[in-house]
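# Inside the fold
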Amino acid sequence: MQKTILSVLTIIIFSKAVSGQVTKGSWLVSGSANYSRLQSSSEAATKFKQTNFQISPTVGYFLKDKFALGLRPSLSYGSNTIANSNTVLGIGPFSRYYFLKPENIFNLFTEGSYSYGTITGGQRLNTFSILAGQVVYFNSSVGLEFTVGYSTTKIVDYSGTNNEIKVGIGFQFHLEEDR
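The text that follows walks through the structure, step by step, so that each part is easy to find. (Residues numbered from 1 in each chain as written. Predicted model: local features only at pLDDT ≥ 70, side-chain atom pairs only at ≥ 80, totals over all residues. Heavy atoms only, no water.)

### Observations concerning a nonpolar patch on the surface
Using the following cut-off: Nonpolar side chains (Val, Leu, Ile, Met, Phe, Trp, Tyr) are joined into patches within 5 Å and like charges within 9 Å, using only residues with over 30% relative accessible area and no salt bridge. To measure how exposed things are, a 1.4 Å probe is used in the Shrake-Rupley method; for residues, cover is taken only from the protein chains shown. In what follows, salt bridge is the name for a side-chain nitrogen of Lys or Arg lying within 4 Å of a carboxyl oxygen of Asp or Glu. The way it works is that DSSP assigns letters per residue, a run of H or I at least four long becomes a helix, a run of E at least two long becomes a strand, and they are numbered from the N terminus.
On the surface, Trp-27, Val-29, Val-59, Phe-138, Phe-171, Phe-173 and Leu-175 cluster together to form a nonpolar patch covering roughly 630 Å² of accessible area. Taken together, the elements giving at least two residues each to the nonpolar patch come down to strand 1 (26–40) and strand 8 (162–176). Ranked by residue count, the leading element in the nonpolar patch is strand 8, at 3 residues.

### Some remarks on the side chain of Ser-76
Note the cut-off: Partly exposed residues are those whose accessible area sits between 20% and 50% of the maximum for their type, while under 20% is buried and over 50% is exposed, using a 1.4 Å probe and protein chains only. Throughout this description, a polar contact denotes any pair of N or O atoms lying within 3.5 Å of each other; where both atoms belong to protein, one of them has to be capable of donating a hydrogen while the other can accept it, and for residues adjacent in sequence the pair is counted only when both atoms sit in side chains.
Inspection of the secondary structure assignment puts Ser-76 in strand 3 (residues 67–80). A relative accessible area of 13% means that Ser-76 is categorised as buried. Of the polar contacts made by the side chain of Ser-76, one reaches the side chain of Gln-54; its length is 3.4 Å.

### Some words on the sheet that holds strand 3
We count it as follows: Paired strands, as defined in this entry, are two strands with at least two bridges between them according to DSSP. Here an angle of 0 to 180 degrees is reported between the N-to-C directions of two axes, which are lines fitted to C-alpha atoms, with helices fitted over the stretch in contact.
One closed barrel accounts for 8 strands, arranged 1-2-3-4-5-6-7-8; its pairing is antiparallel. Averaged over neighbouring strand pairs, the angle between their axes works out to 25° when direction is ignored. In this structure, strand 1 lies alongside strand 8, joined through 15 bridges in antiparallel fashion. Pairing of Ala-33 across the sheet is with Ile-169, part of strand 8.

### What to know about the nonpolar core
For the record, the criterion: Each nonpolar core is a collection of buried residues, namely Ala, Val, Leu, Ile, Met, Phe, Trp, Tyr and Cys, held together in the definition by side-chain atoms within 4.5 Å. The contact criterion used is simple: two residues touch if any of their non-hydrogen atoms lie within 4.5 Å.
In this structure, Val-22, Leu-28, Phe-62, Ala-68, Phe-94, Tyr-98, Phe-109, Leu-131, Val-135 and Tyr-137 together form the largest nonpolar core, which totals 10 residues. Contributions of two or more residues to this core are made by strand 4 (85–98) and strand 6 (124–137). Of all the elements, strand 6 adds the most residues to this core, at 3 residues. With near-sequence residues (within four places) excluded, Leu-131 lies in contact with Phe-109, Thr-110, Glu-111, Thr-147, Val-148 and Gly-149.

### Digging into the pattern of salt bridges
Considering all chains together, one arrives at 4 salt bridges under this definition. In this structure, the salt-bridge partner of Arg-96 is Glu-111, at a minimum N-O distance of 2.7 Å. Pair noted here: Arg-96 is in strand 4 and Glu-111 is in strand 5 (residues 106–119), with a separation of 15 residues, a long-range link. There is no split in this pair, since Arg-96 and Glu-111 are both buried.

### Let's talk about the environment of Phe-146
Mapped onto the elements of the fold, Phe-146 is located in strand 7 (residues 142–155). Between the C-alpha atom of Phe-146 and that of Val-136, which follows or precedes it by 10 residues, the distance is 8.6 Å. Non-local contacts of Phe-146, meaning those with residues more than four positions away in its chain, are made with Ala-132, Gly-133, Gln-134, Val-136, Gly-168 and Ile-169.

### Here's the deal with the environment of Lys-64
Mapped onto the elements, Lys-64 comes out in strand 2 (residues 49–64). For the pair Lys-64 and Lys-24, spaced 40 residues apart in sequence, the C-alpha to C-alpha distance is 4.4 Å. Apart from residues lying up to four places away in sequence, Lys-64 is in contact with Val-22, Thr-23 and Lys-24.

### So, the packing of aromatic side chains
Put simply, the test is: To pair, rings of Phe, Tyr and Trp, with the six-membered ring standing in for Trp, must have centres within 6.5 Å; the planes then decide the type, stacked if under 30 degrees apart, edge-to-face if over 60, and tilted in the middle. Either the NZ atom of lysine or the CZ atom of arginine qualifies as a charge over a ring when it sits within 6 Å of the ring centre and within 35 degrees of the ring normal.
Enumeration according to the criterion identifies 7 aromatic pairs in this entry. Measuring from centroid to centroid gives 5.9 Å for Phe-62 and Tyr-98, while their planes differ by 40°, and the two rings are tilted. Pair noted here: Phe-62 is in strand 2 and Tyr-98 is in strand 4, with a separation of 36 residues, a long-range link. Like Tyr-98, Phe-62 is buried. Grouped by ring-pair contacts, the aromatic residues Phe-62, Tyr-98 and Phe-109 constitute a single cluster. Taking the ring centre of Phe-94 as reference, the NZ or CZ of Arg-72 above it sits at 4.9 Å. Its end group placed over the ring of Phe-109, Arg-96 keeps NZ or CZ at 4.0 Å from the ring centre.

Written out as structure tokens, the structure is:
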């Protein structure tokens with residue numbers, strides 16, 4: 001019982017000392033890894049199912065408290081049911097909004113993004129994504145984020161889209177400007 005009380009007190013003390021820097025003028029630097037399953041309905045290729053792994057670094061700036069805009073490059077690798085694999089390089093803007101107060105040990109956020117990319121072989125694509133997630137802060141500058149999202153991709157010059165559900169995990173680093 002004493003260990004439980006001590007644990008709860010420790011969490012309360014540290015939760016008051018921890019806050020994410022989601023305030024105007026701060027920078028967000030993060031990186032994440034995503035896993036997704038895709039089912040193609042595009043006429044760009046035979047209909048197929050594909051498993052994708054993606055890594056994405058992110059750099060953003062808080063224009064307002066809890067609201068950041070930034071840029072995200074990405075690298076994806078996918079393998080599919082028609083004995084094919086591909087690599088996709090992409091880059092595009094994102095916007096992210098945090099819902100809870102910066103003082104919390106965790107925060108909830110939502111994000112929208114666009115990416116322009118190229119697939120090995122030269123095809124070009126446009127991707128729109130939305131996601132939601134939670135970040136758990138270790139201290140005022142570092143947090144671990146968990147995300148779930150939806151993406152739709154249009155391959156240029158072909159009809160149809162590829163839709164996927166994504167789950168991801170990553171780290172956030174919040175850097176505050178000197179004032």
